[in-house]
Structures are given as C-alpha cells and as structure tokens.
Amino acid sequence: MKAISIVPHVVGISLVDRQEPRISAPDEVKLRVLQIGICGTDREEVNGGRADAPPGKKELVIGHEMFGRVVETGSGVTAVKPGDYGAFTVRRGCGQCKACLNNRSDMCYTGRYTERGIKGADGYQTPYVVDKEQYLVKIPGKIKDIGVLTEPMSVAAKAIDEALIIQQARISDFDQDKNWLAGKRVMVAGLGPIGLLAAFALRLRGAHVLGLDVVDEATLRPQLLKEIGGSYIDGRKLKPTDIDTTCGEMDFIFEATGVAKLQVQLIDALAPNGIYVITGIPEAGRSITVMGGDIMQQLVLKNQVVLGSVNASLRHFSQAVAYLEQSMQQWPQAISRVITTRVPHTEFETALKNHSPNEIKAVVQWADE
Ligand code: BGC
C-alpha cells in the first residue's frame with residue numbers, strides 16, 4: 001500500500017510503499033483510513049522542521065489528524081465493530097512515568113513519548129492503520145462529514161478543560177458556578193482551525209467570544225466566528241496592549257497563533273484572576289524584547305495564570321466528539337465550512353505545499369464511505 005512520507009529534517013515529501021498492517025493481538029483494531037487532516041505541524045515537517053523517524057528508520061509516514069472506518073477487530077475488542085467510524089489518538093506513552101502509566105501520555109514527564117506521524121512513530125497518511133482499542137475514539141455516523149476535525153478539536157477541548165479545572169478549583173470559595181465560562185469574556189487569538197474550533201466549544205459553553213486575527217472582516221474565518229455569535233477584532237487595527245482598554249479585560253485568553261511576541265503581549269489583556277492558555281507552538285531560537293517587569297508585576301498583582309497545553313487524552317477526544325455533535329446540531333453550516341479543501345490522496349503534494357489565505361482545514365481523502 002502507498003504512504004505519504006518524509007525524511008525528517010530534509011525538505012520534501014514522497015509516496016512510498018509500505019506493507020498493509022495486520023491485526024496481531026486481541027486488543028487491536030484495523031481501520032480503513034477515510035480522511036486525514038493537514039495542520040501546521042505537517043507543513044513544518046515537510047519543510048524540514050520538527051519530526052523524528054521511528055527508531056532505526058530513515059523515513060516517517062506523516063499524518064496525525066485521522067478519521068477512518070473499522071474493518072476488522074481483534075477477538076478481545078468490545079468498544080467498536082466493523083463498520084463503525086472512529087479515530088486513533090496521536091500520542092503513545094513512554095511506559096515509565098506516572099502520567100503515561102495512567103493513560104495521560106499528553107502530560108508525559110520524561111519527554112520520551114512518541115507521536116504517530118510526528119515523533120518516532122509512523123502516522124496515518126496511508127490506506128490502512130492498526131492500533132490498540134485503548135487509543136480509539138468512536139465517532140457517530142451523523143458527524144462523519146466533519147469527523148476528521150476530532151483531533152484538532154481535542155487539542156482545543158484539553159486547553160479549555162485545563163483552564164476550567166484550574167479556575168473552578170482556585171476561586172471556589174467565592175464562585176461555585178458549575179460552568180465558569182458562562183457569560184465570561186473570552187478572547188481567541190488566531191482563527192486557524194484550532195482557534196476556530198475552540199471558538200465553537202467556548203460558544204457552546206456560553207462564553208462571549210472575541211476572535212483576534214489579521215484578515216479582512218469579510219473573509220471566511222471572521223464570518224464563521226460571527227455566524228456562531230462571536231465578534232471579530234482585526235489585529236492590524238489594534239495594538240495588543242490596547243485590547244483591554246478598547247474591548248475590555250479578558251477572563252480567559254485562548255491563544256492559537258504560535259507567534260511568540262504576540263503570545264507574550266497578550267498577557268496585557270488579561271483580567272484580574274484571569275487565565276491564559278497557550279496552544280500555538282512558535283519556532284524556537286528567536287529572541288524578543290518584552291517589558292518583563294510590567295508583565296511579572298501584573299501577573300502577581302492580579303492573580304493571573306498562564307499555562308501551556310499540548311496534545312490531548314482519550315477523554316478530550318470524547319469531549320471533542322461531543323463538541324462536534326453539538327456544533328453540528330446548532331450551526332451545521334458553519335462547522336461544515338471549517339473544512340475548506342478536500343483533495344484526493346494522489347494530489348497530496350498540492351495539499352501540503354499550497355496554503356491559500358482562505359483555507360482553514362485542508363483534508364486528504366483516502367476513501368469515500
Ligand atoms: C498535534 C498534537 C501534538 C503536537 C506536538 C500538534 O500538531 O495536534 O497532537 O502533540 O502537535 O507535536
């Protein structure tokens with residue numbers, strides 16, 4: 001069978017031949033890959049950036065945002081049956097630390113985890129994949145057209161979940177609101193796939209969402225944001241340090257730009273007791289100049305939290321499926337339009353190399369079912 005692969009740290013991409021994987025243990029599931037989403041990480045890998053081949057190999061099969069259909073199950077599998085739709089998660093634990101030993105490899109302490117399609121393990125850009133049932137989330141057929149958004153939505157779901165857990169714990173003496181987000185002022189910085197999907201989840205939880213990007217208001221990303229009841233801020237017209245005085249201070253900032261300077265500047269917009277979650281991964285090795293004293297003073301005097309969030313556990317994949325189901329009920333047009341580009345796998349190079357300004361999520365199509 002064919003597979004889309006790269007040589008880590010070398011610019012380029014090619015189609016290679018791989019053996020079709022087979023079920024070899026009772027807890028394994030084999031999926032026919034239907035669609036694979038493309039994200040910034042894939043493009044970085046193709047351009048010679050962050051990626052590692054499996055041990056002893058030169059090439060890495062890419063692709064980590066998967067959606068497929070079960071074709072075969074091991075004798076001990078109970079959660080799915082052939083014909084069901086589903087997606088495998090991305091990260092596999094180090095097998096050593098407390099987090100990984102408790103199914104939370106997204107919080108791995110040692111850094112010796114692998115990630116399918118990114119770090120030390122082959123990915124999903126190929127017609128068939130096999131993995132363990134414990135890494136599979138079932139996806140209902142009624143959202144099959146957007147099932148490929150499960151992985152990016154899981155990243156947003158984890159970041160929101162972390163913020164909620166922290167906020168609800170530390171302010172519980174004076175605020176026992178079951179849904180801390182309801183009515184809160186939230187800024188989503190960067191309306192790419194992760195930011196936009198976060199905006200859907202945050203709106204579903206009743207937050208007032210302000211989306212920040214640097215595109216014209218009449219273009220698709222701001223339009224989708226407005227369709228779900230959010231408001232748009234054009235970052236070209238407003239300095240990050242003026243956001244608080246112009247739009248109000250933010251109880252929660254969800255960052256998905258990966259622009260280091262902006263990531264730091266946005267702290268200025270945070271409200272007292274506010275929380276700021278960073279999900280964008282900036283390029284390493286670049287320095288920036290910031291008003292360090294002002295930032296640290298503000299964080300302390302206003303009890304603010306800044307945290308990073310990466311990857312997602314199976315629980316967050318299930319939350320992601322629920323957010324997608326609810327979005328499909330509430331805003332079927334808007335959530336469907338997050339997928340702007342679908343290309344057959346034979347045109348994988350076009351999909352990975354071209355990135356038009358109006359593209360939100362591009363998807364490689366391996367099979368129609
Ligand atoms: C993926 C995550 C992964 C992260 C770091 C992101 O693009 O969605 O699953 O953990 O990259 O490699």
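One can find the structure itself at the top, above this paragraph.
Rules of the game
- What you see as residue numbers is a count from 1 along each chain, following the sequence as written.
- Only residues with pLDDT of 70 or above have their local features reported here, since the model is predicted, and side-chain atom pairs are shown and tallied only from 80 upward, although totals for entire chains, interfaces and linings are computed over all residues.
- The basis for every side-chain value is the complete set of heavy atoms in the structure, and neither hydrogens nor water enter the calculation.
- Helix and strand definitions here come from DSSP, where helices need a minimum of 4 consecutive H or I residues and strands a minimum of 2 consecutive E residues; each element is numbered from the N-terminal end.
- Atoms considered for the radius of gyration are the C-alpha atoms alone. The globule rule reads 2.2 Å times the number of residues to the power 0.38.
- For each residue, the accessible area found with a 1.4 Å probe, counting protein chains only, is set against the maximum for its type, and the residue is called buried under 20%, exposed over 50%, and partly exposed in between.
- Contact between two residues is taken to exist if any of their heavy atoms lie within 4.5 Å; hydrogens are not considered.
- Each accessible area is a Shrake-Rupley result for a 1.4 Å probe, and residues are judged covered by the shown protein chains and nothing else.
- We score Asp and Glu as negative and Lys and Arg as positive, and we do not count His or the chain ends.
- Throughout, a charge is located at the NZ atom of Lys, the CZ atom of Arg, the CG atom of Asp or the CD atom of Glu.
- A helix's residues, less one, multiplied by 1.5 Å, set its expected span.
- A molecule or strand has a residue near it when one of that residue's heavy atoms lies within 4 Å.
- Within 3.5 Å is the distance limit for a polar contact, defined as a pair of N or O atoms, with the added protein rule that one can donate a hydrogen and the other accept it, and that residues adjacent in sequence qualify only through two side-chain atoms.
- The residue classification treats Ala, Val, Leu, Ile, Met, Phe, Trp, Tyr, Cys and Pro as nonpolar and Asp, Glu, Lys and Arg as charged. All others, Gly included, are polar.
- Each salt bridge in this description consists of a side-chain nitrogen of Lys or Arg and a carboxyl oxygen of Asp or Glu lying within 4 Å of one another.
- Any two cysteine sulfur atoms within 2.5 Å of one another count as a disulfide.
- When the centres of two rings from Phe, Tyr and Trp lie within 6.5 Å, Trp using its six-membered ring, the rings pair. Their planes under 30 degrees apart give stacked, over 60 give edge-to-face, and anything left gives tilted.
- Only when the NZ atom of a Lys or the CZ atom of an Arg is both within 6 Å of the ring centre and within 35 degrees of the ring normal do we say a charge sits over the ring.
- Two strands form a pair only when DSSP identifies at least two bridges running between them.

Novice: Looking at this structure, I do not really get the overall build of the chain. What am I missing?
Specialist: Across its full length, the chain holds 11 helices and 19 strands. In terms of overall size, the chain behaves like a compact globule, its C-alpha atoms giving a radius of gyration of 20 Å where 369 residues would be expected to give roughly 21 Å. Burial analysis of the chain (369 residues in total) assigns 53% to the buried set. Taking the intrachain contacts of the chain between residues at least 6 apart in sequence as the baseline, contacts between residues at least 24 apart amount to 69%. Carbon and sulfur atoms make up 50% of the accessible area of the chain, which totals about 16300 Å². Taking the average location of the 42 positive side-chain charges in the chain and that of its 43 negative ones, the two points are 2 Å from each other.

Novice: Teacher, can you tell me more about the side chain of Gln298 here?
Specialist: Its place among the elements puts Gln298 in helix α8 (residues 292-301). Exposure remark for Gln298: the relative accessible area of 14% places this residue in the buried category. Leave out the neighbours within four places in its chain, and Gln298 touches Ile267, Asp268, Leu270 and Gln304.

Novice: Any chance you could explain helix α3 (residues 150-170) here in plain terms?
Specialist: Side chains that are three or four residues apart share a direction in an α-helix, a result of its 3.6 residues per turn. Spanning 21 residues, α3 covers 30 Å between terminal C-alpha atoms, matching the ideal 30 Å at 1.5 Å per step. For α3, the tally of buried residues reaches 16 of 21 residues, placing the bulk of the element in the interior.

Novice: Would you explain the site of the ligand in this entry?
Specialist: In the vicinity of the ligand, the contacting residues are Cys39, Thr41, Arg50, His64, Val90, Arg91, Glu115, Ile118, Glu151, Val155, Val310 and Asn311. Taking Glu115, its side chain carries an N or O atom lying 2.5 Å from an oxygen atom of the ligand. Residues belonging to the shell around the ligand are distributed by class as follows: 5 nonpolar, 3 polar and 4 charged.

Novice: I'm lost on the pattern of salt bridges in this one. Help?
Specialist: Note on pairing: side chains with opposite charge can pair once their charged atoms come close. In the structure shown here, the tally under the stated rule is 27 salt bridges. For Lys57, the salt bridge goes to Asp122, with nearest N and O atoms at 4.0 Å. Of this pair, Lys57 sits in the loop between α1 (40-46) and β4 (60-61) while Asp122 sits in the loop between β9 (120-121) and β10 (128-132); the two residues are 65 residues apart in sequence, bridging distant segments of the chain. According to the relative accessible area criterion, Lys57 is partly exposed, its value standing at 47%. With a closest N to O distance of 2.9 Å, Asp106 and Arg104 form a salt bridge. Ionic contacts of the salt-bridge type, sharing partners, join the residues Arg18, Lys57, Glu59 and Asp122 into one network.

Novice: How do you make sense of the state of the cysteines when you look at a structure like this?
Specialist: Two cysteines whose sulfur atoms are joined by a covalent bond form what is called a disulfide. According to the stated counting rule, one finds 0 disulfides in the structure shown. No disulfide involves Cys39; its sulfur sits 20 Å from the nearest other cysteine sulfur, which is in Cys108. Cys94 takes part in no disulfide bond, and the closest cysteine sulfur to it belongs to Cys100, at a distance of 3.8 Å.

Novice: Help me understand the packing of aromatic side chains, please; the structure alone is not making it clear to me.
Specialist: Under the criterion given, the structure shown has 4 aromatic pairs. Here Trp180 and Phe252 contribute two aromatic rings whose centre-to-centre distance is 6.4 Å and whose plane-to-plane angle is 55 degrees, an arrangement assigned as tilted. One end of the pair, Trp180, is in the loop between α3 and β12 (185-189); the other, Phe252, is in strand β15 (residues 250-255), and 72 residues separate them in sequence. The exposure class of Trp180 is buried, given its relative accessible area of 3%. Against the face of Tyr128 rests Lys30, its NZ or CZ located 5.0 Å from the ring centre. The ring of Tyr135 carries Arg92 above its face, with NZ or CZ at 3.8 Å from the centroid.

Novice: Sorry if this is basic, but what is going on with the pairing of strand β1 (residues 2-6) here?
Specialist: Along a regular strand, successive side chains alternate from one face of the sheet to the other. Most of β1 sits out of view: 4 of its 5 residues are buried. Here β1 pairs with β4 via 2 bridges, running antiparallel. In the sheet register, Ser5 faces β4, and the bridge partner there is Val61.

Novice: What is the right way to look at the side chain of Asn311 in this model?
Specialist: Residue position: Asn311 is located in the loop between β17 (305-308) and α9 (314-330). Non-local contacts of Asn311, meaning those with residues more than four positions away in its chain, are made with Val90, Arg91, Asp106, Glu115, Val155 and Lys158.

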